[in-house]
Amino acid sequence: MRSTSKTILLHEISKLNSKLDQWNPFSWYKQMREHNPVFYDAEQDVWNVFLYDHAKRVLFDHQLFSNKKERSLIPVPRVNNRSNVNFCDPPEHRHRRALLAQAFTPRSLKEWEPRIQAIADELVADMEGQTTVDIVQQLAIPLPVIVIAKLLGVPSQDREKIKAWSDILFYPYERETFGDIADQKARAMKEFQEYLYPIVQEKRKHPADDILSDLTKGEQLTDMEVVMSGIGLLGAGNETTTMLISNMFYSMLFDQPGIYQEMRADSTAIPKLVEEVLRYRFPVAIDRQVAQDTTVFGHKMKKGQIIIAWMGSANRDESQFANAETFDIHRPNNQTHLTFGAGPHFCLGAPLARMEANIALSTFVKRFADIRPVEAFDVTEHLIQSATGQSLKSLPICVETA
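First, a word on what this report is: a plain description of the structure on this page.

What counts as what
- Counting starts from 1 at the beginning of each chain's written sequence and moves along it residue by residue.
- It should be noted that, the model being predicted, local features are given only for residues of pLDDT at least 70 and side-chain atom pairs only at 80 or more, the latter also being counted only at that level, while totals for whole chains, interfaces and linings use all residues.
- Computation of side-chain values: all heavy atoms of the structure, hydrogens and water removed.
- Only strands joined by at least two bridges in the DSSP assignment are considered to pair.
- Numbering goes from the N terminus for both helices and strands, where a helix is a DSSP run of H or I of at least four residues and a strand is a run of E of at least two.
- The salt bridge definition used is simple: a Lys or Arg side-chain nitrogen within 4 Å of an Asp or Glu carboxyl oxygen.
- Accessibility here uses a 1.4 Å probe with only protein chains present; expressed as a share of the type maximum, an area under 20% marks a residue as buried, one over 50% as exposed, and anything in between as partly exposed.
- Any two rings among Phe, Tyr and Trp, with Trp reduced to its six-membered ring, count as a pair given centres within 6.5 Å; such a pair is stacked if its planes are under 30 degrees apart, edge-to-face if over 60, and tilted if neither.
- Contact between two residues is taken to exist if any of their heavy atoms lie within 4.5 Å; hydrogens are not considered.

### Considerations on the sheet that holds strand β6 (residues 306-309)
Item 1. Read from one edge of the open sheet, five strands run β1-β2-β6-β5-β3, paired in mixed fashion. With partners counted over all chains shown, the strands left at the sheet margins are β1 (38-41) and β3 (65-66), one partner each.
Item 2. Summarising the sheet, β3 and strand β5 (residues 286-290) pair through two bridges and their orientation is antiparallel. Paired with Phe65 across the strands is Val290, a residue of β5.

In C-alpha cells:
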C-alpha cells in the first residue's frame, strides 16, 4: 500500500464512516465541544480544536500555527511553486496572494455580475415547464463551473471535463484504496495541466480580459505556475459554491420548511439565508502546522505537529451563536461564521461564491412560486463523497411555476 503519512484522513479522527454521518456530523461536533474541545489523535499525531475562539486563533495566528506544512488534509496533489498560496505564510503569502486577489476585488466582481446573471437566467429558464427539477444537476453544479471557466478565460464548453478533473483532484483519500486514488489524481492532474498549458501560452501572446491573461503579464510567473494557479482556482471555484447552492435549497426544504416564501416576498432576506446556510450546514475543517512548542490551548503541542480547526463545529459554538443548533436567517451575527476561514488566508473566492449564490436564488424565486421535496426523499440516496465529507449529488424537488 502506498504511504499515507503525509495525508490526514479526517474520517479516521471523527470515526464517522457512513455517508449519512459525514453529511450530518453536527451531533459529534457538539459532543466534542462539550467534552473534548481540544483533542489529540494519537494515531495520526494531530491536534483538533472545536470551539469558535480556538478555531479562530488557529486561523489568525500564522506565527504560532503555520500554513507551511509537510502534511495536510487537503487531498489535491501538492505542486510546489511560487504561485501556491496554500503552503506559505506572510509576508511571502501576501505577494503570492496579490497576484490572484485582483480578480476578486469588489470592482472586478461588479463587472462580472451581469455575466453571472445571464448564466443563471439561462439555467433557470431551461427548468421552466418541468414539474420536478434536480437543483444540484441543473443549477448548483453548472453555474459555478461555467462562471469560473469564463472568469479564467477557459472555453465554457469544456466544463464537463473541467468538473470531472476537479472532482477527482478533490476526492478524499481512503486508506484501503489510497494507491488507486493517488493514481487517479495523478492522471487527472497531468490531463488538466496538458489541457491548460497551451491555453496559457496563447494568453501570454494574445491576452484577453480574464484571470489567466492577468497572471501571464510580466515575468512574475512561469507558464506552468500560471497553469497550477488556474487549476487551483478552477477546482476551488467549483465544489464550495456547488455545495452552498445545494445546501441553500436543502435548508429551505428541511431545516426551515416554508421559508422559501419569505425569499419570494423579500429579496433582502436572500443574503441572510446564504450566510446562515454557510454557518449552519458546512462541515469544513482547515489544518495548520504548529510552528513552535505551545500550551496556548492548555495542552502541550509540539513544533511540527498538525492542528485542525473544525470550523463546522466552531460555527455552532453556543458561546458565539445563541441557539446555535437552530437554523435562523435573522440571527444578527451569522456572518461571523468561519466557513471561509479567517485572517491572512481568508478565502479569496468568498465574494464570488456569495454573489453566485445570491444571484442563483434570486433568479430562481422569480420564476417558481413554491418548492417541495419529492415524496419519500431519502438524503442517503443522494449523497456523494467529497473533499468536505459528503455533498449532495442530486436534489430532486417539485416546483410550481410563478
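### Remarks on the pattern of salt bridges
Oppositely charged side chains can pair when the atoms bearing their charge come close.
Item 1. Counted under the stated rule, the structure contains 19 salt bridges.
Item 2. Across the pair Lys30 and Glu34 runs a salt bridge whose closest N-O atoms are separated by 3.0 Å. Here Lys30 and its partner Glu34 are both found in helix α3 (residues 26-35), four residues apart, which amounts to about one turn of the helix.
Item 3. Classification of Lys30 as partly exposed rests on a relative accessible area of 33%.
Item 4. Measuring nitrogen to oxygen at the nearest pair gives 2.7 Å for the salt bridge that ties Asp210 to Lys203. The pair formed by Asp210 and Lys203 is uniform in burial state, with each residue classed as buried.

### Thoughts on the pairing of β5
Item 1. Burial analysis of β5 places four of its five residues in the buried class, which makes it a mostly covered element.
Item 2. When β5 meets β6, the two strands line up antiparallel, connected through four bridges. By the bridge assignment, Gln289 is partnered in β6 with Ile306.

### Focus on the packing of aromatic side chains
Item 1. Counting across every chain of the model gives 19 aromatic pairs.
Item 2. Measuring from ring centre to ring centre gives 6.1 Å for Tyr29 and Trp310, while their planes differ by 65°; the resulting arrangement is edge-to-face. On the criterion of sequence distance, the pair formed by Tyr29 in helix α3 and Trp310 in the loop between β6 and α15 (311-314) is long-range, its members being 281 residues apart.
Item 3. On the accessibility criterion, Tyr29 (2% relative accessible area) is buried.
Item 4. Ring geometry for Tyr40 against Trp47: centres 4.8 Å apart, planes inclined by 45°, an arrangement best described as tilted.
Item 5. Here Trp47 falls in the buried class, since its relative accessible area comes to 7%.

### Let's talk about helix α8 (residues 142-152)
Item 1. The buried fraction of α8 amounts to 10 of the 11 residues, a majority that puts the element mostly inside the structure.
Item 2. For α8, the full list of buried residues reads Pro142, Leu143, Pro144, Val145, Ile146, Val147, Ile148, Ala149, Leu151 and Leu152.
Item 3. Immediately beyond the C-terminal end of α8, within one or two residues, lies Gly153, with a positive phi of roughly 95°.

### Section: the environment of Val290
Item 1. Mapped onto the secondary structure, Val290 falls in strand β5.
Item 2. The sequence separation of Val290 and Ile307 amounts to 17 residues, and the corresponding C-alpha distance is 6.7 Å.
Item 3. What Val290 contacts, discounting residues up to four positions off in sequence, is Leu64, Phe65, Met301, Lys302, Lys303, Gly304, Gln305 and Ile307.

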